[in-house]
Amino acid sequence: MALRDIVTDPNPTLRKKCRPVEVFDEKLGRLLDDMRETMKHADGVGLAGPQVGILRRLAVVEVEDFYIELINPVIVKKSGSQDGPEGCLSVPNRQESVVRPYKVTVDYQDRHGNPMTATAEGYVARAFCHEIDHLDGILYYDLVGKKNAK
Ligand code: NI
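I will try to describe carefully the structure that is included in this document. (Residues numbered from 1 in each chain as written. Predicted model: local features only at pLDDT ≥ 70, side-chain atom pairs only at ≥ 80, totals over all residues. Heavy atoms only, no water.)

**What about helix α1 (residues 26–41)?**
Line of reasoning, step 1. Across its 16 residues, α1 extends 22 Å between first and last C-alpha, which sits within 8% of the 22 Å expected from 1.5 Å per residue.
Line of reasoning, step 2. Buried residues of α1: Leu-28, Gly-29, Leu-31, Leu-32, Asp-34, Met-35, Thr-38 and Met-39, and no others.
Line of reasoning, step 3. The inward-facing, buried residues of α1 abut β1 (46–48), β2 (58–63) and β3 (66–79).
Line of reasoning, step 4. Positive phi appears at Asp-43, one or two residues downstream of α1, with a value of about 65°. (Helix = DSSP H or I, 4+ residues; strand = E, 2+ residues; numbered from the N terminus. Expected span 1.5 Å × (residues − 1). Buried < 20%, exposed > 50% of the residue type's maximum accessible area, 1.4 Å probe, protein only. Contact = heavy atoms within 4.5 Å.)

Here's what the structure looks like:
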């Protein structure tokens, strides 16, 4: 495994819409391993492809004992609402309050391409939304002051 450089705002890479992951090979596995290591090293709870310069739809999330690799994730269900502070490894030294759904269900693929579904609440749901936004070039502070949970 190896640490990757984290792209920081205002690098235009962070504003691109990512393409789907189509090849599930060893290279993808190495990328995900590197992303997890990079995220942990930076003391983050999530990291998306564009944050390491990869414009593909993938992200890792790790909150305490829960770790997940989201490949081609799509939010298929959301409910409730939560308001709380959010930050981003690509936007250092900044935190702002963002409204998110309280609970989300995400369809995604694992690193082998198997179709999976995950439901999360609270902080993990917030992390899912934040990381999936990255895949469409959205940064959390774009949502500050917006009342409609996304
Ligand atoms: Ni982020």
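**Examining the coordination of the nickel ion**
Line of reasoning, step 1. Taken together, the protein ligands of the nickel ion are Cys-88 (SG), His-130 (NE2) and His-134 (NE2), with distances of 2.0 to 2.2 Å.
Line of reasoning, step 2. The sequence pattern describing where the donors of the nickel ion fall on their chain is C-x41-H-x3-H. Of the two residues, Cys-88 sits in strand β4 (residues 82–88) while His-134 sits in helix α2 (residues 122–134), which places them 46 residues apart along the sequence. Each of the two residues, Cys-88 as well as His-134, counts as buried. (Donors = N, O, S within 2.8 Å, 3.2 Å for Na, K, Ca; no water.)

**Some thoughts on the sheet that holds strand β7 (residues 115–121)**
Line of reasoning, step 1. Strand order across the open sheet formed by five strands is β1-β2-β3-β6-β7, with antiparallel pairing between neighbours. Because the sheet does not close on itself, it has two edges, and the strands there are β1 and β7. Strand after strand, the sheet turns through a mean of 40° between neighbouring axes, direction not considered.
Line of reasoning, step 2. In terms of strand pairing, strand β6 (residues 103–109) meets β7 through seven bridges, oriented antiparallel. Across the sheet, residue Gln-109 finds its bridge partner in β7, namely Pro-115.
Line of reasoning, step 3. α1 contacts β1, β2 and β3 of the sheet and is inclined by roughly 40° relative to β2.
Line of reasoning, step 4. Where α2 meets the sheet, its contacts fall on β1, β2, β3, β6 and β7, and the angle it forms with β7 comes to roughly 125°. (Pairing = 2+ DSSP bridges. Axes fitted to C-alpha atoms, helices over the stretch in contact; angles between N-to-C directions.)

**Describing unusual backbone geometry**
Line of reasoning, step 1. Between Asp-9 and Pro-10 the backbone carries a cis peptide bond, its omega angle lying at 10°.
Line of reasoning, step 2. Mapped onto the secondary structure, Pro-10 falls in the segment before α1.
Line of reasoning, step 3. The phi dihedral of Glu-64 is positive, around 50°, even though this residue is not glycine.

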